Amino acid sequence: HEDDDRIMGSTNVSRWSYSDAKAVDEFFALAYAKERKLPVVVVRLFNVVGPRQIGRYGMVLPRFIKEALSGKPITVYSDGLQIRSFTYVEDVTRAIIDLSLEKKAEGEIFNIGNDQPIPIKELAAKVKEKTRSSSEIKYISYDQAYGDRSADFEEIGCRIPDISKIKNLLGYRPQYDIEQIIEKTVEYFANEKKGKR
Ligand code: UDP
(Lines give C-alpha, C1' and ligand atoms only; values in the text may rest on other atoms or scores of the structure.)
Protein backbone atom coordinates (compact mmCIF):
# COMPACT_ATOMS: atom_id res chain seq x y z
CA HIS A 1 0.00 0.00 0.00
CA GLU A 2 1.10 3.57 -0.64
CA ASP A 3 1.36 4.28 3.11
CA ASP A 4 3.34 1.17 4.03
CA ASP A 5 6.83 1.36 5.51
CA ARG A 6 9.61 0.79 3.02
CA ILE A 7 12.51 -1.64 2.90
CA MET A 8 15.83 -0.06 2.06
CA GLY A 9 18.93 -2.15 1.76
CA SER A 10 22.53 -1.35 2.55
CA THR A 11 24.18 1.51 0.65
CA ASN A 12 26.94 -1.00 -0.16
CA VAL A 13 24.49 -2.56 -2.61
CA SER A 14 24.19 0.05 -5.35
CA ARG A 15 20.82 -1.20 -6.62
CA TRP A 16 19.21 0.49 -3.62
CA SER A 17 20.28 3.92 -4.88
CA TYR A 18 17.51 3.58 -7.44
CA SER A 19 14.72 3.21 -4.89
CA ASP A 20 16.28 5.76 -2.52
CA ALA A 21 16.48 8.32 -5.34
CA LYS A 22 12.82 7.76 -6.16
CA ALA A 23 11.89 8.17 -2.49
CA VAL A 24 13.76 11.49 -2.27
CA ASP A 25 11.90 12.67 -5.39
CA GLU A 26 8.63 11.78 -3.68
CA PHE A 27 9.62 13.81 -0.60
CA PHE A 28 10.34 16.83 -2.82
CA ALA A 29 7.14 16.47 -4.83
CA LEU A 30 4.96 16.13 -1.74
CA ALA A 31 6.71 19.05 -0.03
CA TYR A 32 6.12 21.29 -3.06
CA ALA A 33 2.50 20.18 -3.12
CA LYS A 34 2.04 21.05 0.58
CA GLU A 35 4.10 24.21 0.83
CA ARG A 36 3.71 25.76 -2.64
CA LYS A 37 0.45 24.15 -3.74
CA LEU A 38 2.21 22.69 -6.78
CA PRO A 39 -0.32 20.33 -8.42
CA VAL A 40 1.76 17.13 -8.32
CA VAL A 41 0.62 13.52 -8.33
CA VAL A 42 3.11 10.79 -7.40
CA VAL A 43 2.69 7.51 -9.25
CA ARG A 44 4.41 4.23 -8.46
CA LEU A 45 4.56 1.83 -11.38
CA PHE A 46 4.84 -1.93 -10.96
CA ASN A 47 6.58 -4.07 -13.62
CA VAL A 48 5.23 -2.32 -16.70
CA VAL A 49 5.50 -4.43 -19.85
CA GLY A 50 4.41 -4.41 -23.48
CA PRO A 51 5.49 -3.63 -27.04
CA ARG A 52 8.76 -1.78 -27.68
CA GLN A 53 10.18 -2.52 -24.23
CA ILE A 54 13.91 -3.14 -24.39
CA GLY A 55 15.52 -6.00 -22.47
CA ARG A 56 18.66 -4.12 -21.53
CA TYR A 57 18.18 -3.55 -17.80
CA GLY A 58 16.67 -6.83 -16.67
CA MET A 59 13.12 -6.52 -18.05
CA VAL A 60 12.22 -10.14 -17.91
CA LEU A 61 9.30 -10.35 -20.36
CA PRO A 62 10.97 -9.02 -23.55
CA ARG A 63 14.02 -11.11 -22.71
CA PHE A 64 12.01 -14.33 -22.34
CA ILE A 65 10.04 -13.62 -25.53
CA LYS A 66 13.13 -12.87 -27.61
CA GLU A 67 14.87 -15.98 -26.26
CA ALA A 68 11.79 -18.11 -27.02
CA LEU A 69 11.34 -16.72 -30.55
CA SER A 70 14.97 -17.35 -31.43
CA GLY A 71 15.05 -20.87 -29.96
CA LYS A 72 17.63 -19.91 -27.35
CA PRO A 73 17.28 -21.07 -23.70
CA ILE A 74 14.77 -19.07 -21.66
CA THR A 75 16.92 -18.05 -18.72
CA VAL A 76 15.23 -17.97 -15.32
CA TYR A 77 17.32 -16.58 -12.48
CA SER A 78 17.62 -18.65 -9.32
CA ASP A 79 14.69 -21.02 -8.65
CA GLY A 80 12.10 -18.88 -10.45
CA LEU A 81 9.86 -18.77 -7.36
CA GLN A 82 10.19 -14.99 -7.08
CA ILE A 83 6.84 -13.32 -7.68
CA ARG A 84 5.89 -10.28 -9.74
CA SER A 85 2.65 -8.82 -11.04
CA PHE A 86 2.93 -7.39 -14.54
CA THR A 87 0.98 -4.42 -15.86
CA TYR A 88 0.28 -3.78 -19.51
CA VAL A 89 1.63 -0.43 -20.70
CA GLU A 90 -1.80 0.75 -21.96
CA ASP A 91 -3.29 0.22 -18.49
CA VAL A 92 -0.54 2.43 -17.10
CA THR A 93 -0.78 5.29 -19.61
CA ARG A 94 -4.55 5.42 -19.17
CA ALA A 95 -4.19 5.61 -15.38
CA ILE A 96 -1.56 8.36 -15.58
CA ILE A 97 -3.73 10.48 -17.86
CA ASP A 98 -6.81 9.98 -15.68
CA LEU A 99 -4.89 10.84 -12.50
CA SER A 100 -3.42 13.97 -14.08
CA LEU A 101 -6.96 15.20 -14.80
CA GLU A 102 -8.33 14.42 -11.32
CA LYS A 103 -8.23 17.29 -8.83
CA LYS A 104 -8.56 14.94 -5.83
CA ALA A 105 -5.32 13.18 -6.84
CA GLU A 106 -3.16 16.25 -6.28
CA GLY A 107 -0.58 15.91 -3.51
CA GLU A 108 -1.25 12.17 -3.30
CA ILE A 109 0.66 8.96 -4.08
CA PHE A 110 -0.89 6.19 -6.21
CA ASN A 111 0.19 2.67 -7.04
CA ILE A 112 -0.49 1.89 -10.69
CA GLY A 113 -0.30 -1.79 -11.39
CA ASN A 114 -1.99 -5.10 -11.66
CA ASP A 115 -2.53 -7.19 -8.54
CA GLN A 116 -2.45 -10.58 -10.31
CA PRO A 117 0.76 -12.31 -9.13
CA ILE A 118 2.82 -14.86 -11.07
CA PRO A 119 6.05 -16.71 -10.17
CA ILE A 120 8.78 -16.10 -12.76
CA LYS A 121 9.12 -19.83 -13.59
CA GLU A 122 5.43 -19.83 -14.54
CA LEU A 123 5.95 -16.76 -16.70
CA ALA A 124 8.72 -18.63 -18.53
CA ALA A 125 6.40 -21.62 -19.09
CA LYS A 126 3.62 -19.39 -20.42
CA VAL A 127 5.97 -17.57 -22.81
CA LYS A 128 7.24 -20.92 -24.10
CA GLU A 129 3.68 -22.13 -24.62
CA LYS A 130 2.40 -18.98 -26.33
CA THR A 131 5.38 -18.73 -28.69
CA ARG A 132 5.14 -22.50 -29.39
CA SER A 133 8.88 -22.47 -28.80
CA SER A 134 11.14 -25.48 -28.45
CA SER A 135 13.54 -23.50 -26.21
CA GLU A 136 14.55 -25.16 -22.98
CA ILE A 137 13.83 -23.34 -19.72
CA LYS A 138 17.21 -22.93 -18.10
CA TYR A 139 17.80 -21.99 -14.44
CA ILE A 140 20.93 -19.95 -13.74
CA SER A 141 22.27 -18.47 -10.50
CA TYR A 142 22.45 -14.72 -9.87
CA ASP A 143 26.23 -15.02 -10.02
CA GLN A 144 25.97 -16.50 -13.51
CA ALA A 145 23.44 -13.85 -14.55
CA TYR A 146 25.21 -10.78 -13.21
CA GLY A 147 28.87 -11.86 -13.10
CA ASP A 148 31.03 -9.35 -11.22
CA ARG A 149 28.01 -7.02 -10.87
CA SER A 150 26.17 -9.57 -8.70
CA ALA A 151 27.30 -7.86 -5.46
CA ASP A 152 25.31 -4.79 -6.57
CA PHE A 153 22.15 -6.77 -7.04
CA GLU A 154 19.53 -7.81 -4.52
CA GLU A 155 16.42 -9.75 -5.46
CA ILE A 156 12.93 -8.77 -4.37
CA GLY A 157 11.18 -12.04 -3.46
CA CYS A 158 7.65 -10.83 -4.03
CA ARG A 159 6.17 -7.62 -5.40
CA ILE A 160 2.40 -7.12 -5.63
CA PRO A 161 0.85 -3.66 -5.46
CA ASP A 162 -2.21 -2.84 -3.42
CA ILE A 163 -4.26 -0.89 -5.99
CA SER A 164 -7.30 -0.18 -3.83
CA LYS A 165 -6.55 3.56 -3.64
CA ILE A 166 -6.69 4.18 -7.40
CA LYS A 167 -9.63 1.76 -7.68
CA ASN A 168 -11.56 3.77 -5.13
CA LEU A 169 -10.79 7.16 -6.66
CA LEU A 170 -11.09 6.38 -10.39
CA GLY A 171 -12.80 3.01 -10.57
CA TYR A 172 -9.52 1.84 -12.12
CA ARG A 173 -9.35 -1.80 -13.23
CA PRO A 174 -6.48 -3.22 -15.32
CA GLN A 175 -7.96 -4.32 -18.66
CA TYR A 176 -5.30 -6.88 -19.56
CA ASP A 177 -4.60 -10.05 -17.56
CA ILE A 178 -1.30 -11.92 -17.72
CA GLU A 179 -2.45 -14.19 -20.57
CA GLN A 180 -3.42 -11.22 -22.78
CA ILE A 181 -0.31 -9.29 -21.78
CA ILE A 182 1.95 -12.11 -22.93
CA GLU A 183 -0.07 -12.69 -26.13
CA LYS A 184 0.00 -9.02 -27.16
CA THR A 185 3.68 -8.65 -26.38
CA VAL A 186 4.58 -11.88 -28.19
CA GLU A 187 2.61 -10.68 -31.23
CA TYR A 188 4.58 -7.44 -31.30
CA PHE A 189 8.00 -9.09 -31.03
CA ALA A 190 7.08 -11.82 -33.53
CA ASN A 191 6.11 -9.14 -36.08
CA GLU A 192 9.24 -7.18 -35.34
CA LYS A 193 11.32 -10.28 -35.99
CA LYS A 194 9.52 -10.79 -39.33
CA GLY A 195 10.41 -7.20 -40.21
CA LYS A 196 6.83 -5.95 -40.06
CA ARG A 197 7.59 -3.14 -37.61
N1 UDP B 1 14.56 -12.45 -14.37
C2 UDP B 1 14.84 -13.71 -14.88
N3 UDP B 1 15.46 -13.79 -16.10
C4 UDP B 1 15.82 -12.69 -16.83
C5 UDP B 1 15.54 -11.40 -16.31
C6 UDP B 1 14.92 -11.33 -15.07
O7 UDP B 1 14.51 -14.73 -14.26
O8 UDP B 1 16.38 -12.85 -17.94
C9 UDP B 1 13.84 -12.34 -13.08
C10 UDP B 1 14.47 -11.42 -12.06
O11 UDP B 1 15.37 -12.14 -11.23
C12 UDP B 1 13.26 -10.90 -11.29
C13 UDP B 1 12.13 -10.93 -12.31
O14 UDP B 1 12.57 -11.76 -13.37
O15 UDP B 1 12.92 -11.79 -10.25
C16 UDP B 1 11.75 -9.54 -12.84
O17 UDP B 1 12.91 -8.92 -13.34
P18 UDP B 1 12.87 -7.48 -14.03
O19 UDP B 1 14.30 -7.05 -14.21
O20 UDP B 1 12.01 -7.51 -15.24
O21 UDP B 1 12.13 -6.56 -12.96
P22 UDP B 1 12.40 -6.24 -11.41
O23 UDP B 1 13.47 -7.14 -10.87
O24 UDP B 1 12.77 -4.82 -11.37
O25 UDP B 1 11.07 -6.53 -10.76
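Residues numbered from 1 in each chain as written. Predicted model: local features only at pLDDT ≥ 70, side-chain atom pairs only at ≥ 80, totals over all residues. Heavy atoms only, no water.

A. Summary view of helix H4 (residues 120-130). If you check which residues of H4 are buried, you get Ile 120, Leu 123, Ala 124, Lys 126, Val 127 and Lys 130. On an axial view of H4, the arc spanned by its buried residues comes to 165°, and they lie on one face. Lining the buried residues of H4 we find helix H2 (60-69), strand E3 (74-77), strand E4 (83-84), strand E7 (118-119), strand E8 (137-140) and helix H7 (178-193). Following H4 by one or two positions, Arg 132 has its phi on the positive side, about 50°. (Buried < 20%, exposed > 50% of the residue type's maximum accessible area, 1.4 Å probe, protein only. Helix = DSSP H or I, 4+ residues; strand = E, 2+ residues; numbered from the N terminus. Arc of directions from axis to C-beta. Contact = heavy atoms within 4.5 Å.)

B. Here's a closer look at the site of the ligand. Surveying the vicinity of the ligand reveals 16 residues, the closest of which are Val 60, Tyr 77, Arg 84, Glu 155 and Arg 159. Between the ligand and the protein, one listed contact pairs a nitrogen atom with a backbone N or O atom of Thr 75 at 2.8 Å. In the environment of the ligand, an oxygen atom lies 2.8 Å from a nitrogen or oxygen atom belonging to the backbone of Tyr 77. Computed on the free molecule, the ligand has an accessible area of 520 Å², of which 92% lies beneath the protein chains in the complex. (Near = heavy atom within 4 Å. Polar contact = N/O pair within 3.5 Å; in protein donor to acceptor, adjacent residues only side chain to side chain. Areas by Shrake-Rupley, 256 points an atom, 1.4 Å probe, with all protein chains shown as cover.)

C. Focus on the packing of H2 against H7. Two elements in contact, H2 and H7, have axes whose closest approach is 10 Å; the angle formed by their N-to-C orientations is 55°. Classified by the angle their axes make, H2 and H7 are oblique. Classified by chirality, the crossing of H7 by H2 is right-handed. From H2, Leu 61, Pro 62, Ile 65, Lys 66 and Leu 69 reach across to H7, where they touch Ile 181, Ile 182, Thr 185, Val 186, Phe 189, Ala 190, Glu 192 and Lys 193. (Axes fitted to C-alpha atoms, helices over the stretch in contact; angles between N-to-C directions. Parallel < 35°, antiparallel > 145°, perpendicular 65-115°, else oblique. Left-handed = near helix turned anticlockwise from the far one by under 90°.)

D. Up close: the nonpolar core. Grouped together as the largest cluster of nonpolar side chains are 21 residues, with contacts concentrated most on Leu 61, Phe 64, Phe 86, Leu 123, Val 127 and Ile 182. The set of elements that each furnish at least two residues to this core consists of H2, E3, H4 and H7. When residues of this core are assigned to their parent elements, the largest contribution, six residues, is made by H7. In contact with Phe 86, other than residues within four places in its own chain, are Asn 47, Val 49, Val 60, Asn 114, Gln 116, Ile 118, Ile 120, Leu 123, Ile 178 and Ile 181. Within the second largest apolar cluster, nine residues are counted, among which are Val 92, Leu 99, Phe 110 and Ile 166. (Core = buried A, V, L, I, M, F, W, Y, C linked by side-chain atoms within 4.5 Å.)

E. Inspection of the pattern of salt bridges at higher detail. In total, this model carries nine salt bridges according to the counting rule given. Of the charged contacts, one joins Glu 155 and Arg 84 as a salt bridge, the two residues approaching to 2.9 Å between their closest N and O atoms. Of this pair, Glu 155 sits in the loop between helix H5 (142-146) and helix H6 (164-170) while Arg 84 sits in strand E4; the two residues are 71 residues apart in sequence, bridging distant segments of the chain. Residue classification places Glu 155 among the partly exposed positions, given a relative accessible area of 25%. One salt bridge in this structure joins Lys 130 and Glu 183, with 2.9 Å as the shortest N-O distance. Taken as a pair, Lys 130 in helix H4 and Glu 183 in helix H7 lie far apart in primary sequence, 53 residues in all. Overlapping salt bridges bring together Lys 126, Lys 130, Glu 179 and Glu 183 as one network. (Salt bridge = Lys/Arg side-chain N within 4 Å of Asp/Glu carboxyl O.)

F. Broad picture of the pairing of strand E6 (residues 109-112). With burial as the criterion, each face of E6 is covered, one bearing Ile 109 and Asn 111 and the other bearing Phe 110 and Ile 112. Direction of pairing for strand E1 (residues 42-45) relative to E6: parallel, over a ladder of four bridges. From the neighbouring strand, Val 43 faces E6, where its bridge partner is Phe 110. (Pairing = 2+ DSSP bridges.)

G. Broad picture of the packing of aromatic side chains. A complete count under the given rule lists six aromatic pairs for this structure. Pairing Tyr 142 with Phe 153 gives two aromatic rings, centres 5.4 Å apart and planes at 40°, and the pair type is tilted. Of this pair, Tyr 142 sits in helix H5 while Phe 153 sits in the loop between H5 and H6, and the two are eleven residues apart along the sequence. Classification of Tyr 142 as partly exposed rests on a relative accessible area of 21%. A connected cluster of aromatic rings, assembled from ring pairs, spans Tyr 77, Tyr 142, Tyr 146 and Phe 153. Across from the ring centre of Phe 110, 4.8 Å away, lies the NZ or CZ of Lys 165, which sits over that ring. (Phe/Tyr/Trp six-rings, centres within 6.5 Å; stacked < 30°, edge-to-face > 60°. Lys NZ or Arg CZ within 6 Å of the ring centre and 35° of its normal.)

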